Amino acid sequence: MVLTHVHDLDDAAAASAVVFASRYVQEPLPRSNDGRLLLFVRLLWANCLGVFMAWLEILPCRYELGEKSISKDAAYQIIHDELLLDSSPRLNLASFVTTWMEPECDKLILEGINKNYADMDEYPVTTELQNRCVNIIARLFKAPVGAGEKAVGVGTVGSSEAIMLAGLAFKRRWQNRRKAAGKPHDKPNIVTGANVQVCWEKFARYFEVELKEVKLREGCYVMDPDEAVAMVDENTICVAAILGSTLTGEFEDVKRLNDLLAARNRRTGWDTPIHVDAASGGFIAPFLYPELEWDFRLPLVKSINVSGHKYGLVYAGVGWVVWRNKEDLPEDLIFHINYLGADQPTFTLNFSKGSSQIIAQYYQFLRLGFEGYRNVMENCMESARILREGLERTGRFTIISKDQGVPLVAFTFKREEETSLAFRLSSELRRFGWIVPAYTMPANLEHMAVLRVVVREDFGRPLAERFLSHVRMALDELDDEAKGGPVPRMRVTIELGPAAKGSGEEAMARVVKRESVVAVQRSVSLAGGKTKGVC
């Protein structure tokens with residue numbers, strides 16, 4: 001039982017109950033005060049503003065649980081105010097993830113936010129909604145499911161989990177075949193392009209599978225099917241094709257891959273299958289390119305993953321994986337539990353998770369239907385076209401993304417000597433609120449610095465035209481800066497310690513180091529793995 005105590009407030013107490021009139025806005029957050037905090041202050045002379053601007057990089061503090069409670073209003077306001085410093089999700093052009101849904105769906109999400117999806121026996125309707133979604137997606141991807149049959153699939157927290165599950169199914173099927181044939185089964189591998197999202201590298205490392213990547217080359221920024229099939233051997237558990245590359249949005253040629261791999265299987269007697277990572281393109285191709293063969297129409301495609309929180313038009317936290325047939329998901333990977341009230345089969349990497357995104361996905365399927373999804377995707381492609389043409393008109397960029405694919409625009413500076421400007425332009429656009437990623441391409445193409453703008457449902461023509469005007473302004477500023485020479489920078493290291501007794505100050509600051517910084521923009525690659533992509 002929850003007890004609520006109501007007290008009469010006198011005038012003074014009532015005044016202090018107002019958050020901004022209370023002591024909470026002046027008290028520091030609970031944390032240890034026995035350590036010292038280093039702040040690195042970068043002073044930049046910004047020619048366009050004519051003022052000094054400073055960025056503080058604060059090393060992690062040792063936060064701890066406070067001794068006393070504070071009011072709910074104060075707690076809300078403190079966190080709300082800190083979150084104001086986050087960027088606007090609508091202006092985040094780096095992410096494929098949905099940032100807008102209808103208010104009616106927002107309401108359903110709140111209504112289901114306290115339901116644990118794992119409690120299937122307690123929430124049978126929510127479970128039924130997930131099953132409906134699986135069947136809708138499987139049929140959308142042309143799975144051979146009869147009128148009275150149920151599709152095989154599961155909802156996940158994103159395409160990363162979906163890929164892990166699909167990969168485990170491929171690994172187990174390969175191991176079972178090898179064991180039955182009395183052959184070694186300790187060196188599985190998987191063939192992908194070097195453009196795969198980082199979750200594939202995670203799968204390979206976590207589950208001890210060798211990752212064999214087809215390198216990219218100039219003008220070909222996706223996996224070459226011929227080279228991929230040439231890398232296949234008897235230990236290959238599957239070849240992973242991508243419908244919508246993270247780097248350029250391009251669709252890989254799954255049909256050619258299927259035909260080449262089928263011919264190799266016939267020659268060798270192997271049974272190497274295909275998985276399609278349709279995280280971004282799975283909710284685009286069926287509506288814009290219905291004749292494109294990439295799905296279960298191809299006999300070697302055994303499983304497909306797709307992100308509901310990308311072009312499935314649901315907020316972050318939902319993905320899907322569907323299998324061609326029940327036989328493609330080994331039974332020994334499925335667990336059965338009964339301690340929640342009934343026998344429940346489960347094949348997930350986690351257990352408890354929210355129900356809201358499942359409910360939201362079914363809302364979108366019911367609300368939009370085929371027509372609605374097609375209209376949304378057509379609008380996205382139109383906005384991408386406006387962006388592409390506007391960027392080309394500047395005369396400064398080469399567009400490397402294709403017309404057919406995910407609605408995004410990936411581009412580079414035309415002049416080789418301007419390659420480093422990609423990172424400068426990305427930084428300049430942040431002043432207007434836009435988040436546009438700049439990144440180097442994978443092995444063999446590290447010399448290419450790419451900028452990418454992802455077009456989502458809530459990025460229409462007015463925003464596209466505003467963005468293009470800001471790109472032109474940023475280019476003018478970079479050009480003016482180049483004419484005036486390098487921008488002077490200085491880094492100052494300050495040490496903060498306890499204030500002297502009786503000083504009345506909260507802390508004491510002492511400059512321990514000053515150094516000039518050469519104004520050079522360069523990319524920094526993280527060692528040992530991929531550095532980009534959202535799943």
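Sequence order as written defines the numbering, with residues in each chain counted from 1. pLDDT decides what is reported in this predicted model: residues at 70 or higher carry local features, side-chain atom pairs at 80 or more are listed and counted, and totals for whole chains, interfaces and linings draw on all residues regardless. Excluded from the side-chain calculation are hydrogens and water; included are all heavy atoms of the structure.

Undergrad: I'd like a description of the UniProt feature "modified residue: N6-(pyridoxal phosphate)lysine" (unreviewed entry) in the protein chain, backed by residues and values.
TA: Using the residue numbers shown here, the UniProt feature "modified residue: N6-(pyridoxal phosphate)lysine" (unreviewed entry) corresponds to Lys310. A helix here means a DSSP run of H or I that spans at least four residues, while a strand means a run of E at least two residues long, and both kinds are numbered starting from the N terminus. Relative to the helices and strands, Lys310 is located in the loop between β8 (301-307) and β9 (319-323). Remark: exposure states derive from per-residue accessible area (1.4 Å probe, protein chains only) relative to the maximum for the residue type, with buried under 20%, exposed over 50%, and partly exposed in between. Residue classification places Lys310 among the buried positions, given a relative accessible area of 3%. UniProt positions are given in the numbering used here, feature names are shortened, and annotations may be inferred rather than shown by experiment.

Undergrad: Lay out the pattern of salt bridges in plain terms, naming residues and giving numbers.
TA: Just to be clear on terms, a salt bridge is a Lys or Arg side-chain nitrogen sitting within 4 Å of an Asp or Glu carboxyl oxygen. Scanning all chains against the criterion turns up 24 salt bridges. Two residues, Arg217 and Glu227, come together in a salt bridge whose shortest N-O distance is 3.1 Å. Here Glu227 lies in helix α7 (residues 225-230) and Arg217 lies in the loop between β5 (210-214) and α7, a separation of ten residues in the sequence. The exposure class assigned to Glu227 is partly exposed, which follows from its relative accessible area of 34%. Arg415 is the partner of Glu418 in a salt bridge, and the nearest nitrogen-oxygen pair spans 3.6 Å.

Undergrad: An account of the pairing of strand β3 (residues 152-156) is needed here, citing residue identities and associated values.
TA: The side chains of a regular strand alternate between both faces of the sheet. Of all five residues that make up β3, four are buried, and the element is covered over most of its length. The pairing criterion is simple: DSSP has to find at least two bridges between the two strands. Sheet topology note: the β3/β9 ladder contains five bridges and is antiparallel. Looking across to β9, one finds that Thr156 is bridged to Gly319.

Undergrad: Tell me about the sheet that holds strand β4 (residues 189-193), and name the residues and values.
TA: Note on sheets: strands pair through backbone hydrogen bonds, and any given pair is parallel or antiparallel. Ordered by their spatial adjacency, seven strands build an open sheet running β3-β9-β8-β7-β6-β4-β5, and the pairing between neighbours is mixed. What marks the edges here is a single partner per strand, and that holds for β3 and β5. Between one strand axis and the next, the sheet turns through 20° on average, direction left out of account. Pairing of strand β7 (residues 274-277) with β8, which is carried by four bridges, proceeds in the parallel orientation. Note on β8: the bridge partner recorded for Asp277 is Asn305. The contact criterion used throughout is that any non-hydrogen atoms of two residues lie within 4.5 Å. Lines fitted to the C-alpha atoms define the axes, with helices restricted to the stretch that makes contact. Angles between their N-to-C directions range from 0 to 180 degrees. Contacting β4, β5, β6 (236-242) and β7, helix α6 (residues 198-206) crosses the sheet at an angle of about 150° to β5.

Undergrad: Talk me through the sheet that holds strand β15 (residues 449-454); I want residue IDs and the actual numbers.
TA: Pairing is antiparallel across the open sheet formed by four strands, whose spatial order is β12-β13-β15-β14. With one partner strand each, in any of the chains shown, β12 (397-399) and β14 (438-440) form the two edges of the open sheet. The average angle at which neighbouring strand axes cross in this sheet is 35°, direction not considered. Strand direction decides the pairing type here: β12 and strand β13 (residues 408-413), joined by three bridges, are antiparallel. Bridged to Thr398 within β13 is Thr412. The sheet contacts of helix α10 (residues 356-393) involve β12, β13 and β15, and relative to β13 the element is tilted by about 15°.

Undergrad: I'd love a proper account of α6, names of residues and values included.
TA: Cys199, Trp200, Glu201, Phe203 and Ala204 are the residues of α6 that are buried. Next to the buried residues of α6 lie α5 (159-180), β4, β5, β6 and β7. Counted as a polar contact is a pair of N or O atoms within 3.5 Å, where, for protein atoms, one must be capable of donating a hydrogen and the other of accepting one, and residues adjacent in sequence contribute only when both atoms are in side chains. Of the residues that open α6, the one with a side-chain oxygen 2.9 Å from the backbone nitrogen of Cys199 is Gln197. Taken from the residues just after α6, Glu208 is the one with a positive phi, measuring 55°.

Undergrad: Please provide a residue-by-residue account of the packing of aromatic side chains, values included.
TA: Two aromatic rings are characterised by how far apart their centres lie and by the angle between their planes. Centres within 6.5 Å make a pair out of two Phe, Tyr or Trp rings, where for Trp the six-membered ring is used; the pair is then stacked when the planes are under 30 degrees apart, edge-to-face when over 60, and tilted otherwise. Using the criterion set out here, one finds 13 aromatic pairs in the structure. Centre to centre, the rings of Phe283 and Phe365 are 6.0 Å apart; their planes meet at 55°, and the pair counts as tilted. On the criterion of sequence distance, the pair formed by Phe283 in the loop between β7 and α9 (285-288) and Phe365 in helix α10 is long-range, its members being 82 residues apart. Across the pair, exposure class does not vary: Phe283 and Phe365 are buried alike. Relative to Phe467, the ring of Trp434 lies with its centre 5.3 Å away and its plane at 85°, an arrangement referred to as edge-to-face. With Trp434 in the loop between α11 (421-430) and β14 and Phe467 in helix α12 (residues 461-483), this residue pair connects regions lying 33 residues apart in the sequence. Given the relative accessible area of 2%, Trp434 is considered buried. Grouped by ring-pair contacts, the aromatic residues Phe283, Phe287, Phe365, Phe370 and Tyr373 constitute a single cluster. Criterion for a charge above a ring: Lys NZ or Arg CZ within 6 Å of the ring centre, and within 35 degrees of the ring normal. It is Lys310 that lies over the ring of Phe96; its NZ or CZ is 5.5 Å from the centre. Note that Arg431 overlies the ring of Phe432, its terminal NZ or CZ placed 5.3 Å from the centroid.

Undergrad: Tell me about the side chain of Ser426, and name the residues and values.
TA: With respect to the helices and strands, the residue Ser426 is situated in helix α11. In terms of polar contacts, Ser426 uses its side chain to reach the backbone carbonyl oxygen of Val436, at 2.5 Å. Discounting chain neighbours no more than four positions away, the residues touching Ser426 are Val436, Pro437, Ala438 and Leu451.

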